[in-house]
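# Breakdown of the fold
Residue strings, one per chain:
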Amino acid sequence: MSDLDISVVICVYTEDRWEDILAAVASVRAQSHRALETLLAVDHNPALLDRLTKEYKEVEEVRVLANAGPRGLSAGRNTGIAAAGGEVIAFLDDDAVAERDWLRRFAEGFADPRVMAVGGRTMPIWASGRRPAWFPEEFDWVVGCTYRGLPPGLVRVRNVLGGNASFRRTAFDAAGGFATGIGRDGDKRPLGCEETELCIRLTRARPDAILLIDDRAVIHHRVPEAREHFGYFRTRAYAEGLSKALVARSVGTDKGLESERRYTTRVLPAGVVRGLRDAVLARPGGAGRAGAIVAGVLTAVGGYVVGTVRARRGGATFSVVGISGKDQGGSHD
């Protein structure tokens, strides 16, 4: 699949990440499998839009776009999809850099025409220079990274992770775009799961679809100092529970919580046991990791309960729109 045209979409929203954005774009331009284009979708920030437009005005393969939908990550991604010319559309976080063979691994995954999405492995770059001793690898999803419990290698999965993922354009033709109202919205509570909802919707629209993760498609994701603290850990876990409630409301608890059941009944108990064992052996952070896993589960469950009640009362809504801008799925409440 060396001739596969891949467009890369990077959603951006703040000038505070200026150097990170430039590094992300540079990593795409250095790929061994050349990207057709890099699309920067700017989320309702005129100053950043103007600055990026000036920065890349002489670079033909980089295009700067204004988010054409409501504020938030999902609408920014949809804006990029609508403008993309590639047969495959890849997504990279604005505070991450891709290894040189990132797109090449994605392209290889699409050799099978049934494959509709390919994700990769996201490694944390801790601002402090090292992982906090108390921070369990099982919860690396809190900081947008691949977590312990995901199977290694090239494997079939329920959903890919949005900051390091690629989809065939026909996937969006079949299922519509990312749902607005689920994922992140500027600097508000750190919600997520919009890619989970999309992937489940995709496999319902295309039952023959295959979704893969190739852990050789690697990106390195910056974790700012503020996210190395337990306060953020707890806030993000609660937000994940809220988001999972919306996903379950949309696609049902069977699919919406399918992977989470295995994670909570197998992966997390094993993590607690490892933490307690390390504590007994006087290894740094063992008790903290065990305690963080328990606290994270309880907090996420609390968010799920609150989110479920809100959804039933009509207090939480989201909508799925086609990339053309026409409503595909209406509002869900």
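Residues numbered from 1 in each chain as written. Predicted model: local features only at pLDDT ≥ 70, side-chain atom pairs only at ≥ 80, totals over all residues. Heavy atoms only, no water.

## Observations regarding the overall build of the protein
Put simply, the test is: Helix and strand definitions here come from DSSP, where helices need a minimum of 4 consecutive H or I residues and strands a minimum of 2 consecutive E residues; each element is numbered from the N-terminal end. Burial here depends on accessible area, computed with a 1.4 Å probe over protein chains only, as a share of the maximum for the residue type. Under 20% is buried, over 50% is exposed, and the range in between is partly exposed. What makes two residues a contact is simply this: any of their non-hydrogen atoms within 4.5 Å. A 1.4 Å probe and the Shrake-Rupley method give the accessible areas. Residues count as covered only by the protein chains that appear here.
Along its length, the protein carries 10 helices and 11 strands. Across the 333 residues of the protein, 52% fall into the buried class. Within the protein, contacts between residues separated by at least 24 positions form 77% of all contacts whose residues are at least 6 apart in sequence. Carbon and sulfur atoms provide 52% of the accessible area of the protein, an area that totals close to 14600 Å².

## Quick word on unusual backbone geometry
If you check the backbone angles, histidine 44 has positive phi at about 50 degrees while not being a glycine. Residue placement: histidine 44 occurs in the loop between strand E2 (37-42) and helix H2 (46-55). Positive phi is not limited to glycine here, since alanine 282 has a value of about 65 degrees. With respect to the helices and strands, the residue alanine 282 is situated in the loop between helix H9 (258-280) and helix H10 (286-312).

## A few points about helix H6 (residues 194-205)
How we decide: Expected span of a helix: the number of residues minus one, times 1.5 Å.
Across its 12 residues, H6 extends 17 Å between first and last C-alpha, which sits within 8% of the 16 Å expected from 1.5 Å per residue. Listed as buried for H6 are Glu194, Glu195, Thr196, Glu197, Leu198, Cys199, Ile200, Arg201 and Leu202.

## Some remarks on helix H4 (residues 102-109)
A large share of H4 lies buried, amounting to six of its eight residues. Of the residues making up H4, those classed as buried are Trp102, Leu103, Arg105, Phe106, Ala107 and Gly109.

## What about the nonpolar core?
Using the following cut-off: We call a set of buried Ala, Val, Leu, Ile, Met, Phe, Trp, Tyr and Cys residues a nonpolar core when their side-chain atoms join them within 4.5 Å.
One finds Val8, Ile10, Leu40, Leu52, Leu92 and Trp102 to be the most contacted residues of the largest nonpolar core, which totals 34 residues. It is helix H1 (residues 18-29) that contributes the most residues to this core, five residues altogether. Discounting chain neighbours no more than four positions away, the residues touching leucine 40 are Ile10, Val12, Ile21, Val25, Leu52, Tyr56, Val62, Arg63, Val64 and Leu65. Formed by 26 residues, the second largest nonpolar core is a distinct cluster that contains Val9, Ile81, Val155 and Phe167.

## A word on the pattern of salt bridges
Threshold: Salt bridge criterion: a side-chain nitrogen from Lys or Arg within 4 Å of a carboxyl oxygen from Asp or Glu.
Tallying each qualifying case throughout the model produces 26 salt bridges. Aspartate 20 is paired through a salt bridge with arginine 222; the nearest N and O atoms lie 2.9 Å apart. Of this pair, aspartate 20 sits in helix H1 while arginine 222 sits in strand E9 (residues 210-223); the two residues are 202 residues apart in sequence, bridging distant segments of the chain. With its nearest N and O atoms 3.0 Å apart, the salt bridge here joins arginine 236 to glutamate 240. Of the two residues, arginine 236 and glutamate 240 are both situated in helix H7 (residues 230-251); the distance of four residues between them amounts to about one turn of the helix. This pair shows no difference in class: arginine 236 is buried, exactly as glutamate 240 is.

## Points about the pairing of strand E1 (residues 6-12)
Applicable threshold: In this analysis, strands are considered paired if DSSP registers two or more bridges between them.
In terms of burial, E1 is a largely internal element, seven of the seven residues being buried. With four bridges connecting them, E1 and strand E4 (residues 88-92) associate as parallel partners. Its bridge partner being in E4, serine 7 is matched across the sheet by isoleucine 89. Taken together, the six bridges between E1 and E2 define a ladder with parallel strand orientation. Pairing of isoleucine 10 across the sheet is with leucine 40, part of E2.

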